[in-house]
Structure formats: structure tokens, C-alpha cells
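# Examining the three-dimensional arrangement
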Amino acid sequence: MQLIQEHPELSAYLAADEAIDHHHPRVRETAARLARDAEDSYSYARLAFEYVRDTIPHSADSGDLRVTWRASDVLEQRTGICYAKAHALAALLRAEDIPTALCYQRLAHDDGSGHALHGLVAVRFHGAWHRQDARGNKPGVDARFSLDGERLAWIPDPESGERDYPVLYARPHPAVLSVLKAAPDRPYLWKTLPTELPRTR
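Structural notes, computed from the coordinates. Please read these numbers as outputs of a predicted model, since none were measured by experiment.

Bringing the packing of helix α2 (residues 41-55) against helix α5 (residues 82-95) into the picture now. Between two packed helices, the angle of one axis relative to the other and the distance separating the axes together describe the packing. Between α2 and α5, the least distance of the axes is 10 Å, while the angle of their chain directions is 155°. Viewed along their axes, α2 and α5 adopt a mutual orientation that is roughly antiparallel. The element α2 and its partner α5 pack so that their crossing is right-handed. Residues Y44, A45, A48, F49, Y51, V52 and R53 of α2 touch α5, and the partners they reach there are K85, A88, L89, L92 and L93. By residue class, the composition of the contact of α2 with α5 is ten nonpolar, no polar and two charged.

See below:
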């Protein structure tokens, strides 16, 4: 699949916004701490990925009912679903001037009850975009940081109505951000998650 930039300028993928608030002290502090152990930007990107994947539990796995969406809150509260963890990883990467995009998949629920959007990121290295999924590993999920072939949590099955969306977004999709901001808790969020990605105007 060919990934498509929503914006032609790479600077859009370094910008801060209300969700990817990489100027926040919490984000800067975490980025600086990770950068101390990194030899180069590639090493930093891998460390940031593993930090978000491994030290911030996916709230569905941990049973946490809180809903986070702003990167600094995800890092502080140490919880979030896939979208929130993607926002946190994007903020940590952009804090170190690594262009990072948000991207999405449509995946079927495990129980076959329908579909939901899944959020991940793409990083820009060596003139190309590389998707990464820091959702958090569990039995049956073994996502890893890779610039040499994707190691994502899931590969969509078109026969099951699943798909990859090729667009690389500089900001969270409005359909995603609106449900995150409106949800008082995760059970409510689960009922309102978008099932597909509508087009933006």
C-alpha cells in the first residue's frame, strides 16, 4: 500500500496541536529522558516506541476506565486506547524533530460484532514513511518498531471488511478526536467508536 501525505509539507508532521502537545513540560521531560539513552534519531524513535508500547497499558487490557486523548495526559496518567497512545508517541517523536503522521485501520471486533477504527503512527526516515503500532502487545499481538518491513499489531483482512487507510494525517482525524473528548469513560467510548473513517472536507 502506498501511503499518501495529507499535507505536502513535512513541517505539518512536526507541528503541535491540542492532542499532540509536544511543547508540554511532561512531553519534553519524557523526550529528554529517552534521548539521553539514544545514539541517534533512529535509536530514539525505537526507544520512544517501546516506551509507549510497553509502559503505558492499553486501557482495555488493564481494565482502566479513564479516557485520555491529549499526549501529555496519556504520559501523566499512563493509560489510553490506541488513538491516545498514538498521540503520545507522535508527540514524543515530534519533540525530537522526527516527522510523524497519524494513520488508521478498520478492524473487526474479536467477537464479530462489528468494526472499529484502530489508530497508529507513521514515522519518516530515509525519505519514506514507516507505520508503527504502539498499541501494546498481548497474546496474539507482537508489534515491533521496524523500518525494514512492517511489524504491526494486525494485518487487515479485506474479506472481513477490514482495511488499511492510506492517508497520513498531520492531526487526529476529527471523527476520532470528537468521540474521545466526549466520552466520560471507556465503556461509553466503546459504544461510540467510529466504525470507519469518513472523509474530511
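After presenting the structure, the write-up continues.
Using the criterion set out here, one finds ten salt bridges in the structure. Residue D164 pairs with R131 through a salt bridge whose shortest N-O separation is 2.9 Å. Here R131 lies in strand β4 (residues 128-132) and D164 lies in strand β5 (residues 163-164), a separation of 33 residues in the sequence. Overall, the relative accessible area of 22% leaves D164 in the partly exposed class.

Counting across every chain of the model gives six aromatic pairs. Look at F49 and F145: their rings are 5.8 Å apart centre to centre, the planes differ by 55°, and that puts the pair in the tilted class. Taken together, the residues span a long stretch of sequence, with F49 in helix α2 and F145 in the loop between β4 and β5 at a distance of 96 residues. On the basis of relative accessibility, which here comes to 10%, the residue F145 falls in the buried class. Among the aromatic side chains, those forming a connected cluster through ring pairs are Y42, F49, F125 and F145. K181 extends its terminal NZ or CZ atom over the ring of W69, reaching a point 5.2 Å from the ring centre. When the ring centre of W190 is taken as origin, the NZ or CZ atom of R186, which lies over that ring, is 5.4 Å away.

What follows covers the sheet that holds β4. By definition, the strands of a sheet pair up through backbone hydrogen bonds, in either a parallel or an antiparallel sense. Ordered in space as β4-β3-β2-β5, the four strands form an open sheet in which the pairing is antiparallel. For this open sheet the edge positions go to β4 and β5, each flanked by a neighbour on one side alone. Strands in contact with α5 are β2 (100-108) and β3 (115-125); relative to β3, the strand with the most contacts, it is inclined by about 10°.

Now for α2. Here α2 contains 15 residues, and its C-alpha end-to-end distance of 20 Å stays within 8% of the 21 Å for a straight helix at 1.5 Å per residue. Looking at the buried residues of α2, the elements they touch are α1 (25-35), α4 (71-77), α5, β3 and β4. Where α2 begins, the side chain of D40 points an oxygen toward the backbone nitrogen of Y42, at a separation of 3.3 Å.

Conventions used here
- Residues numbered from 1 in each chain as written.
- Predicted model: local features only at pLDDT ≥ 70, side-chain atom pairs only at ≥ 80, totals over all residues.
- Heavy atoms only, no water.
- Axes fitted to C-alpha atoms, helices over the stretch in contact; angles between N-to-C directions.
- Helix = DSSP H or I, 4+ residues; strand = E, 2+ residues; numbered from the N terminus.
- Parallel < 35°, antiparallel > 145°, perpendicular 65-115°, else oblique.
- Left-handed = near helix turned anticlockwise from the far one by under 90°.
- Contact = heavy atoms within 4.5 Å.
- Nonpolar A, V, L, I, M, F, W, Y, C, P; charged D, E, K, R; others polar.
- Salt bridge = Lys/Arg side-chain N within 4 Å of Asp/Glu carboxyl O.
- Buried < 20%, exposed > 50% of the residue type's maximum accessible area, 1.4 Å probe, protein only.
- Phe/Tyr/Trp six-rings, centres within 6.5 Å; stacked < 30°, edge-to-face > 60°.
- Lys NZ or Arg CZ within 6 Å of the ring centre and 35° of its normal.
- Pairing = 2+ DSSP bridges.
- Expected span 1.5 Å × (residues − 1).
- Polar contact = N/O pair within 3.5 Å; in protein donor to acceptor, adjacent residues only side chain to side chain.

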